[in-house]
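# A closer look at the structure
Read off the chains here:
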Amino acid sequence: MVLSGKPESGGTPDVRIPKALVDKLVKGELQLGQFLGMTRERLFEYAAVGHKMLQAGRTRLALDIFQGLTAAAPQEPAFHTQLAATLLTMERVDAAFDAYQRALALDGSHGDALVGRGEILLRRGNVPEGLKDLSRAIELDPGLKKRSTQRAKGTLLALKKQAESLKAARPKR
């Protein structure tokens, strides 16, 4: 960006942006964050702050941060996943599902997004698809290093136990 040193009548400097840069942004060849000169590292620093806000129960602030990050870097699945988690915390389930879908459209093997979408699918009664997502997430993290896959494993074990209890409770014919 080039700023002219001469303020306009309103007192603000005239901002001149190279046409080639604007064209790239309009064509989708450049993300907004890149256009604004934000590095990937800086965006992830903001994401860490958003995550801390979410953990601290400051969901509105976390929502603002993750909405901004998805606008600045719409091709980054992690930001869509964090936005979805924030929306889910706010009980905005449909919007959370959509954000998980966007994350998975960008990276179909994003484990956190698979777990989140799987949990929503189970909540909605779509058990086969929900189980598929949870199982896929565990396949991607067999050592259960991530909290989301630990949660997925716990959910699968609880569902298995529940199914076994129901089967055992049925009268034998």
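Below is a short write-up of the structure. Here the structure is a predicted model, which means the values were calculated and not measured.

Attention shifts here to the side chain of Thr 86. Mapped onto the elements of the fold, Thr 86 is located in helix α5 (residues 77–89). When near neighbours in sequence (up to four residues on either side) are disregarded, Thr 86 contacts Leu 54, Thr 59, Ala 62, Leu 63 and Phe 66.

Our next topic: the nonpolar core. If you look at the biggest cluster of nonpolar residues, it comprises 33 residues, and the most contacted ones within it are Leu 69 and Ile 120. Counting residues per element, the ones that place at least two in this core are α3 (40–55), α4 (59–72), α5, α6 (93–106), α7 (111–123) and α8 (127–140). At seven residues, the largest contribution of residues to this core is made by α6. Setting aside chain neighbours within four positions, we find Leu 69 in contact with Leu 43, Tyr 46, Ala 47 and Phe 79.

Its 23 residues give helix α9 (residues 147–169) an end-to-end C-alpha distance of 33 Å, which sits within 8% of 33 Å, the value for a rise of 1.5 Å per residue. Taken as a whole, α9 has its buried residues at Ser 148, Thr 149 and Ala 152. Those residues of α9 that are buried are in contact with α7 and α8.

Cut-off values and rules
Residues numbered from 1 in each chain as written. Predicted model: local features only at pLDDT ≥ 70, side-chain atom pairs only at ≥ 80, totals over all residues. Heavy atoms only, no water. Helix = DSSP H or I, 4+ residues; strand = E, 2+ residues; numbered from the N terminus. Contact = heavy atoms within 4.5 Å. Core = buried A, V, L, I, M, F, W, Y, C linked by side-chain atoms within 4.5 Å. Buried < 20%, exposed > 50% of the residue type's maximum accessible area, 1.4 Å probe, protein only. Expected span 1.5 Å × (residues − 1).

Remember, this is a structural readout, not a statement about activity or role.
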